[in-house]
There are 2 protein chains.
Amino acid sequence: MHFLILFLLFFSVSFADTKLLNQARQYFQPLADIFPSDDNPITPEKVRLGKMLFYETRISIDGTTSCAKCHPVSLYGADALPKSIGNNGKINPRNAPTVLNSAGQIAQHWRGDRADVEDQAKRALLGKASFGAPSYKWVEERLKKIKGYTLLFKLAFPDEKNPVTVDNFAKAIGAWERTLSTPSRFDRFLMGHLDALSDKEKNGLKKFISFGCVSCHSGMLIGGNMYQKFGIYEPYWKYTGSKKIDEGRYSITKKEKDKYVFKVPPLRNVAKTSPYFHDGSVKSLKKAIWIMGKVQLGKELTNEDVEDIYSFLLSLTGELSENILTVPVLPEDN
Amino acid sequence: MHFLILFLLFFSVSFADTKLLNQARQYFQPLADIFPSDDNPITPEKVRLGKMLFYETRISIDGTTSCAKCHPVSLYGADALPKSIGNNGKINPRNAPTVLNSAGQIAQHWRGDRADVEDQAKRALLGKASFGAPSYKWVEERLKKIKGYTLLFKLAFPDEKNPVTVDNFAKAIGAWERTLSTPSRFDRFLMGHLDALSDKEKNGLKKFISFGCVSCHSGMLIGGNMYQKFGIYEPYWKYTGSKKIDEGRYSITKKEKDKYVFKVPPLRNVAKTSPYFHDGSVKSLKKAIWIMGKVQLGKELTNEDVEDIYSFLLSLTGELSENILTVPVLPEDN
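Rules used in this analysis
- Residues numbered from 1 in each chain as written.
- Chains lettered and ligands numbered in written order.
- Predicted model: local features only at pLDDT ≥ 70, side-chain atom pairs only at ≥ 80, totals over all residues.
- Heavy atoms only, no water.
- Contact = heavy atoms within 4.5 Å.
- Buried area = accessible area lost by both parts, 1.4 Å probe.
- Polar contact = N/O pair within 3.5 Å; in protein donor to acceptor, adjacent residues only side chain to side chain.
- Helix = DSSP H or I, 4+ residues; strand = E, 2+ residues; numbered from the N terminus.
- Salt bridge = Lys/Arg side-chain N within 4 Å of Asp/Glu carboxyl O.
- Buried < 20%, exposed > 50% of the residue type's maximum accessible area, 1.4 Å probe, protein only.
- Least-squares fit on C-alpha atoms with pLDDT ≥ 70 in both.
- Disulfide = S-S within 2.5 Å.

*Asks:* I keep staring at the interface of chain A and chain B and nothing clicks. Help me out?
*Replies:* With 24 residues of chain A in contact, the opposing surface of chain B contributes 24 residues. Contact with chain B buries surface across chain A, with P36, D38 and M191 of chain A losing the most and accounting together for 33% of the total. For the pair chain A and chain B, the number of links is 8 residue pairs in polar contact (both at pLDDT 80 or more). No other element matches the 9 residues that helix α1 (residues 2–27) of chain A contributes to the side of chain A that touches chain B.

Now the structure itself:
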């Protein structure tokens, strides 16, 4: 009799696994290898150039700021700061989102006010707290002065007479960023490997789905595909300890419905990109999970819930490929 | 001015690519690596044994029939016959579906009257036109007589005292069949590689979606996940030339709504598994496409439509891995 109960218990626990897989497949997709764009076809030449430009500091007003400064790939594409420090110690208005898998989103930046990774790369050049360049012209002059780039731009944009432009700068960086995919154990699970997640992680996934986290954090990035109000049940700042209240997309659109609305951040590699939220106000992922339950779901998560969901989120930490991690040698000054 | 038009043309054709990708991702998922089961966890030992048993003829009444007879993997898991020939030249009632990717379906056989690959493997043993074994007991005796299997069953089912059973035969074969995944260029496309499909293939995919083929042929197998009446607009036999009218699931359930209803076949490797339909009545894939348009969509497909969809279907021809293609050495008679 005891054996029968044990058997049934085993069977029912076990049964949940493919059920969970099928459920998960309704909400999530395996991470893409690359995030293509029709406007900016990815070529090896563009990717090579883009990776160099990503590390290029000579196009910043202080000569020390590059994309890599706020998005070090070895730190999973973010900088571990609440708000990034750009040129001359200037502090950016929001937390720097990771560049890894970022191109797979509907838009860039917390408020979605950058259309795509190319738009982000280009406009960062003039950002007062980022590169701080006085004009695109100025950047182009700088790039042209580094003779080594002339051939590299020519190879990346072979049909253009004068390829050294900020638009091509943006395209090259975009092309590289479109290759920054970090598949993880969760993708193995989605591909049918039930043993890719531990029981605790599966429990976390189950709760992530059943509690409703998945209503915003879905798709191949587990986020990044919609906008949502931060603080549905209660104001977010009540729990995050945010000193300044950020009105989110409202500050762009001036529409009441956009108040406190942000792009839902992707959760790929989330365990590696502390601190959290648009203002980096929360350091602990577990606390961030608890806050999300509170303000987004109106739910007081238990310690066990938080631990389970935390476990699941750990399974989203991906592999940093050689493409991502290798650092290029830049052309020398002339 | 001509340049502008060319540019816009290029841009618009090009724009359709990621739009098509996003659309495709709504209907299709990349093919899983394996098709897991909670009742039958996949282990290397089970897979090894299952692969051997797949080629085993000594458990058939005529000593020449194996799973591989009707499902040769080198022919993409089907036998190129309208209806398979089982023991002693007996003809099976329907066309043998491929075993490749088959485990990913909601059920097995054309009428879905086999719950899963394990059920199919087990019941084929007693099938009059397949193995023709007089009883499961008889099969078990045969297996036990081949001493080499004793250890192999023991390794595959280490917790069982008497592991040489038809249930374990079925589980071992099932475990192997659950590994028979054949990813193709279409999966590369779904993973973001826009250049994995040619323009013609993309056109075919577009038509496959917009004509409505996708309303039944969807998911990771492009089919295999629902039942549907064959002949919605017109009787199928009007075009297939079927000599015998098969009533489909009605012959099992006796429910009027199941008349001419079959499991929607997966289209993975479809270009390699002629002849087509439940009775193998149509040899040409192009003709099969045209018939589907006629009887399922009430649509007269043009030659160009058929050619385009045909091109898309070619992109579903997958890779036959070493796991699939290598043929095992079986234990000798004693």
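*Asks:* Please explain the pattern of salt bridges as it appears in this structure.
*Replies:* Pairing is possible between side chains that carry opposite charge, provided their charged atoms lie close to one another. All names here are of chain A. Using the criterion set out here, one finds 38 salt bridges over all chains in the structure. Linking E201 and R185 is a salt bridge whose minimum nitrogen-to-oxygen distance equals 2.7 Å. A residue pair is termed long-range when its members are at least 10 positions apart, and E201 in helix α9 (residues 199–210) and R185 in helix α8 (residues 185–190) qualify at 16 residues. With a relative accessible area of 8%, E201 lands in the buried category. Of the charged contacts in the structure, one is a salt bridge between D308 and K207, with a shortest N-O distance of 2.8 Å. Taken together, the positions of D308 in helix α13 (residues 303–314) and K207 in helix α9 put the pair 101 residues apart, joining distant regions of the chain.

*Asks:* What is the right way to read the relation of the copies chain A and chain B from this model?
*Replies:* Both copies of the chain are related through a single rotation about an axis accompanied by a shift along the same axis. When chain A is fitted to chain B, the residual RMSD is 0.0 Å, and the transformation amounts to a turn of 180° plus an axial shift of 0.0 Å. Given the turn and translation reported, the copies of this chain are related as if by a two-fold rotation axis. Same-surface contact between copies: 100% of interface residues of chain A are shared with the interface of chain B.

*Asks:* I would appreciate a short explanation of the state of the cysteines in the present structure.
*Replies:* The bond known as a disulfide is covalent and runs between the sulfur atoms of two cysteines. All names here are of chain B. Using the criterion set out here, one finds 0 disulfides over all chains in the structure. No disulfide involves C70; its nearest neighbouring cysteine sulfur is the one of C67, lying 8.8 Å away. C213 carries a free sulfur, and the closest cysteine sulfur to it, the one in C216, is 9.2 Å from it. For C213, a relative accessible area of 17% corresponds to the buried category.

*Asks:* Hey, could you run me through unusual backbone geometry in this one?
*Replies:* Excluding glycine, a negative phi dihedral is what most residues carry, and trans is how most peptide bonds are arranged. The omega torsion across S274 of chain A and P275 of chain A is -5°, close enough to zero to call that bond cis. For P275 of chain A, the location among the structural elements is in the loop between β2 (261–263) and α12 (285–297). You will see that I222 of chain A, though not glycine, has its phi angle at about 55°, which is positive. By secondary structure assignment, the location of I222 of chain A is in the loop between α9 and β1 (227–229). I222 of chain A gets classed as buried once you look at its relative accessible area, which sits at 0%. The phi torsion at A80 of chain B lies on the positive side, around 65°, for a residue other than glycine. Assignment of secondary structure puts A80 of chain B in the loop between α3 (67–70) and α4 (117–124).

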